[in-house]
Amino acid sequence: IFEATEWTLRGVISDSGVNDRYNITIDWDDPTGPGNTVLTDQGPNFAASYTFADDRPASQSDGKYNVTVTVGDVNDPASTSIQTMAIDVSNFAPEINEVTLNASDPSSPLPIDQAVQLSGLFTELGTQDTVTGTIEWGDGTTDPINLNYTSATEGDFTASRQYSGDGSYIVKVT
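In this text the structure is predicted, and so the values were computed from the model without any measurement. The numbers attached to residues start from 1 for each chain and follow its sequence in the written order. Under the rules for a predicted model, residues below a pLDDT of 70 receive no local features and side-chain atom pairs below 80 are neither given nor counted, while totals for whole chains, interfaces and linings still include all residues. Only hydrogens and water are set aside; all other atoms, that is, all heavy atoms of the structure, feed into the side-chain values.

Q: Explain the sheet that holds strand β9 (residues 134-136) to me, and be specific about the residues and the numbers.
A: Strands are treated as partners if at least two bridges between them are detected by DSSP. Numbered from the N terminus, helices here are DSSP runs of H or I no shorter than four residues, and strands are runs of E no shorter than two. Ordered by their spatial adjacency, 3 strands build an open sheet running β10-β9-β13, and the pairing between neighbours is antiparallel. Either end of the sheet is taken by a strand with one partner, and the two such strands are β10 (142-144) and β13 (172-173). Where β9 and β10 come together, 3 bridges link them in antiparallel fashion. Bridge pairing in β10 links Glu 136 to Thr 142.

Q: Explain the sheet that holds strand β3 (residues 37-42) residue by residue, including any values.
A: Across the sheet, which stays open at both edges, the 4 strands sit in the order β3-β2-β5-β6 with antiparallel pairing between neighbours. Both outer strands of the open sheet, β3 and β6 (76-87), are each paired with one neighbouring strand and no more. Averaged over all adjacent pairs, the angle separating strand axes in this sheet is 15°, with direction ignored. Two strands pair when backbone bridges link them, and strand β5 (residues 65-73) and β6 are joined in this way by 9 bridges, in the antiparallel orientation. In the strand pairing of β6, Thr 70 is matched with Ile 82. Fitting a line to C-alpha atoms yields each axis, with helices limited to the stretch in contact; the angle taken between N-to-C directions then spans 0 to 180 degrees.

Q: A description of the pattern of salt bridges should follow, citing residues and the corresponding values.
A: Put simply, a salt bridge is a Lys or Arg side-chain nitrogen that is within 4 Å of an Asp or Glu carboxyl oxygen. Tallied over the full model, the rule gives 2 salt bridges. As a salt-bridge pair, Asp 41 and Arg 21 come within 3.3 Å of each other at their nearest N and O atoms. Placement of Asp 41 in strand β3 and of Arg 21 in the loop between β1 (6-12) and β2 (22-27) is noted, with a sequence separation of 20 residues between them. Classification of residues uses two cut-offs on accessible area relative to the type maximum, computed with a 1.4 Å probe and protein chains only: under 20% is buried, over 50% is exposed, and between them is partly exposed. Owing to a relative accessible area of 42%, Asp 41 belongs among the partly exposed residues under this scheme. With a relative accessible area of 35%, Arg 21 lands in the partly exposed category. Asp 139 is the partner of Arg 161 in a salt bridge, and the nearest nitrogen-oxygen pair spans 2.6 Å. Residue Arg 161 is found in strand β12 (residues 154-161), and its partner Asp 139 is found in the loop between β9 and β10; the two are separated by 22 residues along the sequence.

None of the figures reported here should be taken as evidence of function without further support.
Encoded structure:
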């Protein structure tokens, strides 16, 4: 599954009791999330949806979320079963949504003494991710991009460069 994407955990409880009802607690192992999901008075089939805000860094545990499901019989609370499963949540790479050079007329040549103005928009769905960017100006110069988050998952950036000589330059933003 991917970060910032809803995922549904489905289960079937196997029990020799007839018409038993269950209380289910799901620990998503997500310190940034809203906490456990509790389902009360459930039949043998259950489902719960959850969105992991971010992939788990490899430095934490094994890089996976250890989701634990605890099932208890409503009529016999001491009778419980616990299952844990490792969920691998993958990172969505940030996306550059738009890049604009000199918004007034990007196809017109600029005088040598006028700076090129670059602006753009980006999206990063992982709210805990650190995003960096660079601009290759096409003349051998590379600069880091100063990213400005405008919401939890979106942002913009601006930069400028004054070239010292005439020519045609291919600008690359990553």
